[in-house]
Amino acid sequence: METNILHTHKDLVEKCKSGDRKSQYQLYELYIDAMYNVSFRLLGKKEDAEDIVQDSFVDAFKKLKTFRYESTFGSWLKRIVINKSINHLKLKKIPISPIGQYEYKITEEKSEPLQTFDINKIKNGIKMLPQGYQQIINLYLIEGYDHKEISEISGISISTSKSQYHRAKKKLIEIVNTL
């Protein structure tokens, strides 16, 4: 049984598939801000995010005939933006995180008392993390990808994704506690 959520903007997408420029602009206007925010969180540079988002929309409109409503249009486009953003980072040779030659296994964490932090401190703390840690935190916590998806997107193993996430989270807590 299909849900209606997968068919959000279906008429608009179908018009775009047939090459209707007005519909393409409407779809662009609906998603530009959200996609820019996704890219900016990963890249951290306004100009780079703008370029990536524009390239993503061009690619999306070129490949729109392959879109089959297996997800929402927004999810499909977001995946394009994230992949392009990560590829951009790879081209700039910004490593995900320097962890050496070894993969680390994550053991069960001991339950810690729940800490609450000011959201602005967290945002500022994320900006202070190394680029690779920012990427993992953004993909996992903000974008909602699981470690399997992050490993596929980033070209790293699942255990590496987990270990980098735990290190990034620990470093973020240290930073936030000093702010």
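Calculation notes
Residues numbered from 1 in each chain as written. Predicted model: local features only at pLDDT ≥ 70, side-chain atom pairs only at ≥ 80, totals over all residues. Heavy atoms only, no water. Helix = DSSP H or I, 4+ residues; strand = E, 2+ residues; numbered from the N terminus. Expected span 1.5 Å × (residues − 1). Buried < 20%, exposed > 50% of the residue type's maximum accessible area, 1.4 Å probe, protein only. Contact = heavy atoms within 4.5 Å. Core = buried A, V, L, I, M, F, W, Y, C linked by side-chain atoms within 4.5 Å. Axes fitted to C-alpha atoms, helices over the stretch in contact; angles between N-to-C directions. Parallel < 35°, antiparallel > 145°, perpendicular 65-115°, else oblique. Left-handed = near helix turned anticlockwise from the far one by under 90°. Polar contact = N/O pair within 3.5 Å; in protein donor to acceptor, adjacent residues only side chain to side chain.

A. Spatial organisation of helix H8 (residues 158-178). Along its 21 residues, H8 runs 30 Å from first to last C-alpha, staying within 8% of the 30 Å computed at 1.5 Å per residue. All of the buried residues in H8 are Ser159, Thr160, Ser161, Ser163, Gln164, Tyr165, Ala168, Leu172, Ile175 and Val176. Residues of H8 that are buried sit in contact with helix H5 (119-128), helix H6 (131-142) and helix H7 (147-154).

B. Structural view of the nonpolar core. Ranked by internal contacts, the top residues of the largest apolar core, which has 38 residues, are Phe57, Phe73 and Ile82. Where this core is concerned, the elements lending two or more residues are helix H1 (10-17), helix H2 (21-43), helix H3 (46-62), helix H4 (73-91), H6, H7 and H8. Beyond its immediate sequence surroundings of up to four residues, Ile82 is in contact with Val38, Leu42, Leu139, Glu143, Tyr145 and Ile153.

C. Looking closely at the packing of H5 against H8. Closest axis-to-axis distance for the H5/H8 pair is 9 Å, and the angle between their directions is 120°. Accordingly, the angle class assigned to the pair H5 and H8 is oblique. In this structure, H5 meets H8 at a crossing whose hand is right-handed. The segment H5 lies against H8, with Lys121, Ile122, Gly125, Ile126 and Met128 engaging Leu172, Ile175 and Val176.

D. Representation of the side chain of Glu143. Its location among the elements puts Glu143 in the loop between H6 and H7. Polar side-chain contacts of Glu143 include one of 2.4 Å to the side chain of Arg41. Those residues in contact with Glu143 that sit more than four places away from it in its chain are Val38, Arg41, Lys78, Ile82 and Asn138.

E. Up close: unusual backbone geometry. Positive phi outside glycine occurs at Tyr69, with the angle close to 60°. Note that Tyr69 resides in the loop between H3 and H4.

F. Expanded view of the side chain of Gln134. Among the secondary structure elements, Gln134 is positioned in helix H6. The exposure class of Gln134 is buried, given its relative accessible area of 11%. Looking at Gln134, its side chain comes within polar contact range of the main-chain oxygen of Lys127, at 3.2 Å. Engagement of the side chain of Gln134 in a polar contact is seen with the backbone oxygen of Leu129, the distance being 2.8 Å. Filtering out sequence-adjacent residues up to four positions away, Gln134 remains in contact with Ile126, Lys127 and Leu129.

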